Amino acid sequence: MVVFENKAILKLLLVCLFVQFSFSAANFFRPFNVTYDHRALIIDGKRRMLISGGIHYPRATPQMWPDLIAKSKEGGADVIESYTFWNGHEPVRGQYNFEGRFDLVKFVKLVGDNGLYFLLRIGPYVCAEWNFGGFPVWLRDIPGIEFRTDNEPFKREMQRFVTKIVDLMREEKLFSWQGGPIILLQIENEYGNMEGSYGQKGKEYVKWAANMALGLGAGVPWVMCKQTDALGDIIDTCNNYYCDGYKPNSPSKPTIWTENWDGWYTSWGGRLPHRPVEDLAFAVARFFQRGGSLMNYYMYFGGTNFGRTSGGPFYITSYDYDAPIDEYGLRSEPKWGHLKDLHAAIKLCERALVAADSPQYMKLGPRQEAHIYWENTQSTVLNTTLSESQSACSAFLANIDEHNTVTVTFRGKSYSLPPWSVSILPDCSNVAFNTAKVGAQTSVKLVENAQSPKISAPELVMTKNEVSSISESWMSVKEPIGIWSESNFTVQGLLEHLKVTKDESDYLWHMTRIYVSDDDVAFWEENKVSPTLVIDSMRDVLRIFFNGELMGSVSGHWVKVVQPVQFQQGYSDLMLLSQTVGLQDATKAYFKSGVQIDVVVNLQLLIWVDDRFFQVLDAT
């Protein structure tokens, strides 16, 4: 036992220990720089081959985050990727939210705690099948604004939010050079898909966004996905199902795959998309085989569109995405396990992959080929066996024939390659992994509730007691047509759904009272005509009520509506219920107004609608 008689020494020691603990708690890594060359990201002076997994922090609860990150690391991820979500972080202009599911700082720190890096895609437009593409609806009310183009009001708001995020990450010491996990940032998102529709203003906007981002002094590289005209200091990256043939717009930039679509989102009434893990593994192996350096799964965990965050139109609340970790945080086998084995095989090749500036290519057959990576790039001896004292060698043997198994000869040995597969040889001799041969077992997931021990999903369906206990929690409410409340008002003129609801509700009633005279009825009978409600274009959902009865419901994207209406003499109430099913998250058109919807009743009553919604011109 050590006894300190000098209280000053003891106090100094405690201060030193506190300072040391504070430093270690605030720094997840020893501070390191991130740069890049034509081959890869250079982390702390060393090239790296990196596997990234997409997890959107608001699509899970904070209680789920530690387990999701741990499962990602166990599955072989080096990096976690996420967008930021502007409308979640700034629901009201100038009022920020970084709590609960939107506690970005906590999420990034948890990633760092697990020894993983972070790719933060700020955007701030994200698409992501997220409501309004991540934009806050209040942006639309700013005078003179036009989204995602060379428009001063929009650029001013965008820069303010991006600066807010970068400053917050810097204040929390989350960049790599501060000992944090963030190694990459993204500005904008797939803008190349629509840049041409803006003409010269689109080109100017891309330059502005890039220079604005670089000027924030974040200290880590920036990327732009699907942006072939990205400026010299911005890395342009690939989003697709296959990116093995992608090359950046400069020979000085590495090949990065920001979105490897391992599944797809689901729409209401649509099929559940599924991408076989054999094809997914093939795409990943081919990417690294042909010179790729960082690949990100979109998504590794998909999650849930809580509340009203689902974009649209008509995207379901689940964002499972057929991901390796399913919506509930469970491993989705065999996808998770097969990819884990793939990642392990790629890591065995990393020494050779990072050492070679480019692979050596060998034709093995009509649709078969090999790419060989040598630690000693001067070596050309392909037909000898390496000894332990020689340089590391790794090879990828690909069969891009979709139907036939082929036997090839490589360095004096025969290899059987299944159709549409890649064999990975970490030592240029022995096959550690083949993308078409799934060793992971398909598992039956377990469901657990508070009233019973873990039972399988089929058992849960077949268990009468469990089903009845769940069904008892459901209830139905019958609401009156045309709900009146303190927020009702009467107006003459044009109104728009979003301008009224501010995206706080998916529903808006429009009501008007129509007087039909005896002369009107006589005119219709004499001319053998009847009044018709005509709506030239509507979306997402419109329900038409006449005198308290539902006359028709229409849903779709820019659909024309023709609804006959049977008027009687006297007063009649016409009510339209407009309904949004997730605000549009992509395309240029959804930012524009001016689409008119005409409702013609007896050729006299006009109901005009601006953009995608409905409003009454002369309500009484």
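Criteria and cut-off values
- Residues numbered from 1 in each chain as written.
- Predicted model: local features only at pLDDT ≥ 70, side-chain atom pairs only at ≥ 80, totals over all residues.
- Heavy atoms only, no water.
- Helix = DSSP H or I, 4+ residues; strand = E, 2+ residues; numbered from the N terminus.
- Buried < 20%, exposed > 50% of the residue type's maximum accessible area, 1.4 Å probe, protein only.
- Contact = heavy atoms within 4.5 Å.
- Phe/Tyr/Trp six-rings, centres within 6.5 Å; stacked < 30°, edge-to-face > 60°.
- Pairing = 2+ DSSP bridges.
- Axes fitted to C-alpha atoms, helices over the stretch in contact; angles between N-to-C directions.
- Arc of directions from axis to C-beta.

Asker: Would you take a moment to explain the overall build of the chain for this structure?
Answerer: Each helix and strand in the chain was counted, giving 13 helices and 28 strands. Taking all 620 residues of the chain together, the buried fraction comes to 53%. For the chain, the proportion of contacts with a sequence separation of at least 24, taken over those separated by at least 6, is 66%.

Asker: Explain the packing of aromatic side chains to me, please; I cannot follow it from the model alone.
Answerer: The geometry of an aromatic ring pair comes down to the distance between the two centres and the angle between the two planes. This structure, assessed with the given rule, holds 44 aromatic pairs. Look at phenylalanine 29 and phenylalanine 32: their rings are 5.8 Å apart centre to centre, the planes differ by 90 degrees, and that puts the pair in the edge-to-face class. Under the relative-accessibility criterion, phenylalanine 32 is labelled buried at 5%. On the basis of an interplanar angle of 80 degrees and a centroid distance of 6.5 Å, the ring pair of phenylalanine 102 and tryptophan 130 is categorised as edge-to-face. Of the two residues, phenylalanine 102 is situated in the loop between α3 (86-89) and α4 (104-113) and tryptophan 130 in the loop between β6 (117-123) and α5 (152-171); the sequence distance between them amounts to 28 residues. For the pair formed by phenylalanine 102 and tryptophan 130, the shared burial category is buried.

Asker: Looking at this model, I keep getting lost on the sheet that holds strand β17 (residues 421-425). Mind explaining?
Answerer: Working definition: the strands of a sheet are paired by backbone hydrogen bonds and lie parallel or antiparallel to each other. Pairing is antiparallel across the open sheet formed by five strands, whose spatial order is β12-β13-β14-β17-β18. Looking at strand neighbours, the two that pair on one side only are β12 (360-365) and β18 (433-434), the edges of this open sheet. In this structure, β12 lies alongside strand β13 (residues 368-374), joined through five bridges in antiparallel fashion. What sits directly across from tyrosine 361, in β13, is histidine 371. Sheet strands touched by helix α7 (residues 277-289): β13, β14 (393-399) and β17. Its angle to β13, the strand with the most contacts, is close to 55 degrees.

Asker: How should I be thinking about helix α2 (residues 65-74) in this particular structure?
Answerer: Each α-helix winds once per 3.6 residues, and so residues spaced three or four apart point in a common direction. Residues Trp65, Leu68, Ile69, Lys71 and Ser72 constitute the buried set of α2. End-on view of α2: buried residues confined to an arc of 160 degrees, all on one side of the axis. Buried positions along α2 lie against β4 (50-55), β5 (79-83), α4, β11 (294-301) and α8 (335-348). Downstream of α2 by one or two residues, glycine 76 has phi in the positive range, about 105 degrees.

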